[in-house]
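# Summary of the model geometry
If you want the building blocks of each chain, they are given just below.
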Amino acid sequence: MSAQSLFLVTLIVDDYDRAKDFYCGILGFDCVFDSPLPEAGKRWVVVKPKGAEGASLLLARADGDMERAAIGNQTAGRVSFFLKTDDFSRDHAAYLAKGVRFLEAPRHEPYGTVAVFADLYGNLWDLIQHAAA
């Protein structure tokens, strides 16, 4: 049987550098690629949570009215992304110190500790530390 894995998810942004500054500078992600695509007038910008083995984000600059309208609302107001951490308190405090806007106080659920935050575009993210099994 063959194996598959999700390795890349597109996130529509308004500007490559502004998005890269937020994800790498504020959230601490690593920049995996940042290469020009001269024939298209674009860049291939891929970021990934530090130390992560899962999917990366392709930061894709909006091209056209329909894509610009989707910035910050790619999932119609639902939580779009789930960022798993091994230390919720550390990351929550670090993000607050860097100005990340949390929409709720941390809450404890049967599956772990979680709080919803918004990225610079308004996309919703869960910061989550799973409960010990």
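In this text the structure is predicted, and so the values were computed from the model without any measurement.

Rules used throughout
- Residues numbered from 1 in each chain as written.
- Predicted model: local features only at pLDDT ≥ 70, side-chain atom pairs only at ≥ 80, totals over all residues.
- Heavy atoms only, no water.
- UniProt positions renumbered as here; feature names shortened; annotations may be inferred.
- Helix = DSSP H or I, 4+ residues; strand = E, 2+ residues; numbered from the N terminus.
- Phe/Tyr/Trp six-rings, centres within 6.5 Å; stacked < 30°, edge-to-face > 60°.
- Buried < 20%, exposed > 50% of the residue type's maximum accessible area, 1.4 Å probe, protein only.
- Salt bridge = Lys/Arg side-chain N within 4 Å of Asp/Glu carboxyl O.

## Brief notes about the UniProt feature "domain: VOC" (unreviewed entry) in the protein chain
In this structure's numbering, the residues bearing the UniProt feature "domain: VOC" (unreviewed entry) are residues 5-130. Taken end to end, residues 5-130 comprises 21% helix and 41% strand; its first and last C-alpha atoms sit 21 Å apart.

## Some words on the packing of aromatic side chains
Tallied over the entire structure, the rule returns eight aromatic pairs. When the ring of Phe29 is compared with that of Trp125, the centres are 6.2 Å apart and the planes differ by 70 degrees; the resulting orientation is edge-to-face. You can see Phe29 sitting in the loop between helix H1 (16-26) and strand S2 (30-37) and its partner Trp125 sitting in strand S9 (residues 124-130), a full 96 residues away along the chain. According to the relative accessible area criterion, Trp125 is buried, its value standing at 3%. When the centroid spacing of 5.5 Å and the interplanar angle of 55 degrees are considered together, the rings of Phe102 and Phe117 count as tilted. On the criterion of sequence distance, the pair formed by Phe102 in strand S6 (residues 101-102) and Phe117 in strand S8 (residues 112-118) is long-range, its members being 15 residues apart. Assessed through its relative accessible area of 0%, Phe117 is described here as buried.

## Observations regarding the pattern of salt bridges
Scanning the model with the defined rule gives 11 salt bridges in all. In this structure, a network of salt bridges that share partners links the residues Asp17, Lys20, Asp34 and Arg43.

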